[in-house]
Amino acid sequence: MVLYTPEMTHHRRDCMMTYKIGLLFLLSMNAFSAVLKEYIPNKSVKNGYVEPFQMFDDLYYVGDKWVSSYLVTTSDGLVLIDSLDSPYGRWIPQNIQKLGFNPKDIRYIFITHGHSDHVGSAEYIQRHFGAKVMMSSIDFRLAKFTAKNSTGDNLFLPPKVETFVSDNDELSVGSKHFKFYLTPGHTRGTLSLEFFVTDKGKSYRAFIVGGNGTNFTGFDLAEKYAHSVQRIRNLSLSKPHVEVNLASHPHMAQIFERNARYSQQTNPFIDQESFQEFLDVLEKRSVKKLAKEKKK
Ligand SMILES: [Zn+2]
């Protein structure tokens, strides 16, 4: 038989109190870590934040300092192209709101390739705003691999992919028509795409080369890269010529310098020559890469 002395009761109450405080602490820690998990990074220069801006009547830049993300407006909702690294892509919905649109209107997210700086925030945007994600099946495998190896602040999940895109696929979203090309090299399943953008009502052919760098290994990929660049060159020179370079990294198309020169009279993003110069750069890279891989 146990006799409860007043001290013991007091002790039990203390234990209960400690238990309750402990439970509250644990619960708040859980809530805290849930918030932490989805935290939105400071919009600082150091973090690479860039204020979103308009490039065409129907095209906006919503990416950061290092990686592009483009927002296309159509008569039937919004299309987002690439999603930035996690957690920096969490700026994208806020950028979209800043531009006066509703991120819930994103119908599609097109992903150029499976590296984290392009696919990293697609799952976040999809989960919160219900967009359909489209990418190549080859690079979806890469996205799953990169997600599995993501850690710490950059931890992310692969998105749910609605439609796998194959070479020469086309998609109409309202008034906009997108054409996709499988352009392997930078990755095995890099996707490039083209569509028309308008400036003061006039139409211009825009092209996104899905992967620029030769930071891969293998002679067969180097050959594929060279072939893809040549193919994009041929495509771009069919009429009407490509006049708008929407590179997947802003420095490859001097996106910010051009934006600084933007005025009501001139749109510096319209520049046919510079797209060919950009392809020259990719071609030089491919020659160098082929030679390097051959030596191995
Ligand atoms: Zn990449």
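Residues numbered from 1 in each chain as written. Predicted model: local features only at pLDDT ≥ 70, side-chain atom pairs only at ≥ 80, totals over all residues. Heavy atoms only, no water.

Secondary structure assignment for the protein chain yields eight helices and 12 strands. A total of 296 residues make up the protein chain; the buried ones form 47% of that total. The long-range share in the protein chain, meaning contacts at least 24 apart out of those at least 6 apart in sequence, stands at 66%. Surface accessibility of the protein chain: about 15300 Å² in total, with carbon and sulfur atoms responsible for 57%. (Helix = DSSP H or I, 4+ residues; strand = E, 2+ residues; numbered from the N terminus. Buried < 20%, exposed > 50% of the residue type's maximum accessible area, 1.4 Å probe, protein only. Contact = heavy atoms within 4.5 Å. Areas by Shrake-Rupley, 256 points an atom, 1.4 Å probe, with all protein chains shown as cover.)

If you walk across this open sheet you meet the seven strands as E1-E2-E3-E4-E5-E6-E7, and the pairing is mixed. Edge positions in the sheet fall to strand E1 (53-56) and strand E7 (161-164), since each has one partner strand and no second. When strand polarity is set aside, the average angle formed by the axes of neighbouring strands in this sheet is 25°. Contacting strand E4 (77-81), strand E5 (106-110) and strand E6 (132-135), helix H4 (residues 122-129) crosses the sheet at an angle of about 165° to E5. (Pairing = 2+ DSSP bridges. Axes fitted to C-alpha atoms, helices over the stretch in contact; angles between N-to-C directions.)

At 2.1 to 2.2 Å from the zinc ion lie its protein donor atoms, namely His-113 (NE2), His-115 (ND1) and His-186 (NE2). When the donor residues of the zinc ion are listed from N- to C-terminus, their spacing reads H-x1-H-x70-H. Taking the relative accessible area as the measure of exposure, His-115 reaches 22% and is therefore partly exposed. (Donors = N, O, S within 2.8 Å, 3.2 Å for Na, K, Ca; no water.)

As a further point, take helix H6 (residues 219-237). The end-to-end C-alpha distance of H6, which contains 19 residues, comes to 27 Å, matching closely the 27 Å that a straight helix rising 1.5 Å per residue would cover. Along H6, the positions that sit buried rather than exposed are Leu-221, Ala-222, Tyr-225, Ser-228, Val-229, Arg-231, Ile-232, Arg-233, Leu-235 and Ser-236. (Expected span 1.5 Å × (residues − 1).)

Residue placement: Arg-233 occurs in helix H6. A polar atom in the side chain of Arg-233 sits 2.8 Å from the side chain of Asp-280. If sequence neighbours within four positions are ignored, Arg-233 has contacts with Gln-276, Leu-279, Asp-280 and Glu-283. (Polar contact = N/O pair within 3.5 Å; in protein donor to acceptor, adjacent residues only side chain to side chain.)

If you trace the five strands from one edge of the open sheet to the other, you get E8-E9-E10-E11-E12, paired in mixed fashion. The strands lining the two open edges of the sheet, one partner per strand, are strand E8 (170-173) and strand E12 (244-245). The pairing of strand E10 (residues 191-199) with strand E11 (residues 202-208) spans seven bridges and is classified as antiparallel. Within the sheet, the bridge partner assigned to Asp-199 lies in E11 and is Lys-202. Docked against the sheet, H6 engages strand E9 (176-182), E10 and E11, running at close to 175° with respect to E11.

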